Amino acid sequence: MASLFLSNPTTTTPPLSTPFLPPKPFFRGNTKNPRAHFANFASPRCAVDAPFGGNIQKFPRTRVWDPYRRLGISRDASEEEIWGSRNFLLEQYSGHERSAESIEAAFEKILMDSFQQRKKTKINLKTKLKKKVEESPPWIKNLLNFVELPPTDVIFRRLFLFAFMGGWSIMNSAEGGPAFQVAVSLAACIYFLNEKTKSLARAFIIGLGALVIGWVSGSLLVPNIPALLLHPTWTLELLTSLVVYLFLFLACTFLK
């Protein structure tokens, strides 16, 4: 059969059918332009063909000017409510960058307004206090000239020192009196005053005066305290020394 086909090339070759060759496509209508036929078929889509961010939620109030309305809170909201609204919205719209930026911008605007309001209130308080001092009698003005307000860290350091002396006196109350602790506290008070006034004589006079006033005040105050409020082992000398520590602290911290 094969030799017959080779010897007679004019013989029409019968169509060969094999499972390895695809069948010819069959077109209806315009067979001269098969591309028009393929154009009618919709190509399959996969998840990669979807636009990026198509399923990400977008914050609907990005263009709301009021930061409180943007976060969905009232102007009387507490700090916990502001933080809670901010964290909830950031978690809900974390996949959308512009939404997160809008939420953060509103949160920062509220914090800045709160800071400015607190600063304004503090300034107003200082102004009112200064006005009250200016309107006060002359003897109060002269008295306030000897008083100053040091930084907060200085106040806490000196408060810790004299509180430690008081605790030390209470712990050693059974062994002896607090004479040594009172002497150390007086020396510390004079040292701090000399550091401020640059005058050892002035520092010694103020420190010694605070000691005397504190001891007299304690001697008058302690006997009037009900015995039920006091520890049985605490003596009059010990309780008076605690009052002295308070006066020494006030003298070396707030007096000029």
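You'll find the protein entered in an unreviewed UniProt entry as Protein CHAPERONE-LIKE PROTEIN OF POR1, chloroplastic, with Lithocarpus litseifolius given as the organism.

Within the protein, the regular secondary structure consists of 10 helices and zero strands. Put simply, the protein runs from its N terminus to its C terminus through helices and strands in the order α-α-α-α-α-α-α-α-α-α. Expressed as a percentage of the 256 residues in the protein, the buried residues total 24%. Sequence-distant contacts, at least 24 apart, represent 65% of the contacts inside the protein between residues at least 6 apart. Surface summary for the protein: the accessible area is close to 19,700 Å², and the carbon and sulfur share equals 64%.

Before going further, it helps to spend a moment on the UniProt feature "transmembrane region" (unreviewed entry) in the protein. If you check UniProt for "transmembrane region" (unreviewed entry), the listed places come out as residues 177-193, 200-222 and 234-255 in our numbering. For the annotated span residues 200-222, helix accounts for 96% and strand for 0% of the residues, and the straight-line distance between the end C-alpha atoms is 32 Å. Secondary structure within residues 234-255 divides into 86% helix and 0% strand; the distance between the first and last C-alpha atoms comes to 31 Å.

Where nonpolar side chains cluster on the molecular surface, the patch consists of Phe 204, Ile 205, Leu 208, Val 212, Val 216 and Leu 220 and spans about 570 Å² of accessible area. Within the element layout of this structure, Ile 205 appears in helix H9 (residues 200-221). Exposure remark for Ile 205: the relative accessible area of 59% places this residue in the exposed category.

Across its 19 residues, helix H10 (residues 236-254) extends 27 Å between first and last C-alpha, which sits within 8% of the 27 Å expected from 1.5 Å per residue. Buried within H10 we find Leu 238, Leu 239, Thr 240, Ser 241, Val 243, Val 244, Tyr 245, Leu 248, Phe 249, Ala 251, Cys 252 and Thr 253. Its buried side turned inward, H10 meets helix H7 (152-171), helix H8 (179-197) and H9.

This part takes up the pattern of salt bridges. Considering all chains together, one arrives at five salt bridges under this definition. Of the charged contacts, one joins Asp 113 and Lys 109 as a salt bridge, the two residues approaching to 3.1 Å between their closest N and O atoms. In this pair, Asp 113 and Lys 109 both sit in helix H5 (residues 97-135), four residues apart, roughly one turn of the helix. On the accessibility criterion, Lys 109 (41% relative accessible area) is partly exposed.

As a further point, take the nonpolar core. With 20 residues, the main nonpolar core has Phe 162, Cys 189, Leu 193, Leu 211, Leu 248 and Cys 252 as its most contacted residues. Every element with two or more residues in this core is listed here: H7, H8, H9 and H10. The biggest single contributor to this core is H8, with seven residues. Among all residues touching Cys 189, those that are not within four sequence positions of it are Phe 162, Gly 207, Leu 248, Ala 251 and Cys 252. Counting residues in each nonpolar core, the second largest holds 13 residues, with Leu 71, Leu 89, Ile 103 and Ala 106 among its members.

Here we take up the confidence of the model for the protein. When pLDDT is averaged along the protein, the result is 77, and 70% of the positions lie at 70 or above. Low pLDDT, under 50, characterises residues 1-22; the predicted model gives this stretch two contacts beyond four residues in sequence or across chains. Across residues 24-53, where pLDDT falls below 50, the model places five contacts with residues more than four positions away in sequence or in other chains.

With that out of the way, let us pick up the environment of Val 64. Tracing the chain through its elements places Val 64 in the loop between helix H2 (34-38) and helix H3 (67-71). In sequence terms Val 64 and Ala 106 are 42 residues apart; their C-alpha atoms lie 9.5 Å from each other. Excluding residues that lie within four positions of it along the chain, Val 64 makes contacts with Arg 69 and Arg 70.

Turning next to the side chain of Arg 70. Within the element layout of this structure, Arg 70 appears in helix H3. Although buried, Arg 70 forms no salt bridge, and the nearest oppositely charged side chain, Asp 66, lies 8.1 Å from it. When sequence neighbours within four positions are dropped, the list of residues in contact with Arg 70 reads Phe 59, Arg 61, Thr 62, Val 64, Trp 65, Leu 89, Ser 102, Ala 105 and Ala 106.

Cut-offs used in this document
Residues numbered from 1 in each chain as written. Predicted model: local features only at pLDDT ≥ 70, side-chain atom pairs only at ≥ 80, totals over all residues. Heavy atoms only, no water. Helix = DSSP H or I, 4+ residues; strand = E, 2+ residues; numbered from the N terminus. Buried < 20%, exposed > 50% of the residue type's maximum accessible area, 1.4 Å probe, protein only. Contact = heavy atoms within 4.5 Å. Areas by Shrake-Rupley, 256 points an atom, 1.4 Å probe, with all protein chains shown as cover. UniProt positions renumbered as here; feature names shortened; annotations may be inferred. Patch = residues over 30% accessible without salt bridge, like charges linked within 9 Å, V, L, I, M, F, W, Y side chains within 5 Å. Salt bridge = Lys/Arg side-chain N within 4 Å of Asp/Glu carboxyl O. Expected span 1.5 Å × (residues − 1). Core = buried A, V, L, I, M, F, W, Y, C linked by side-chain atoms within 4.5 Å. pLDDT = per-residue confidence, 0-100. Lys, Arg positive; Asp, Glu negative; His and termini not counted.

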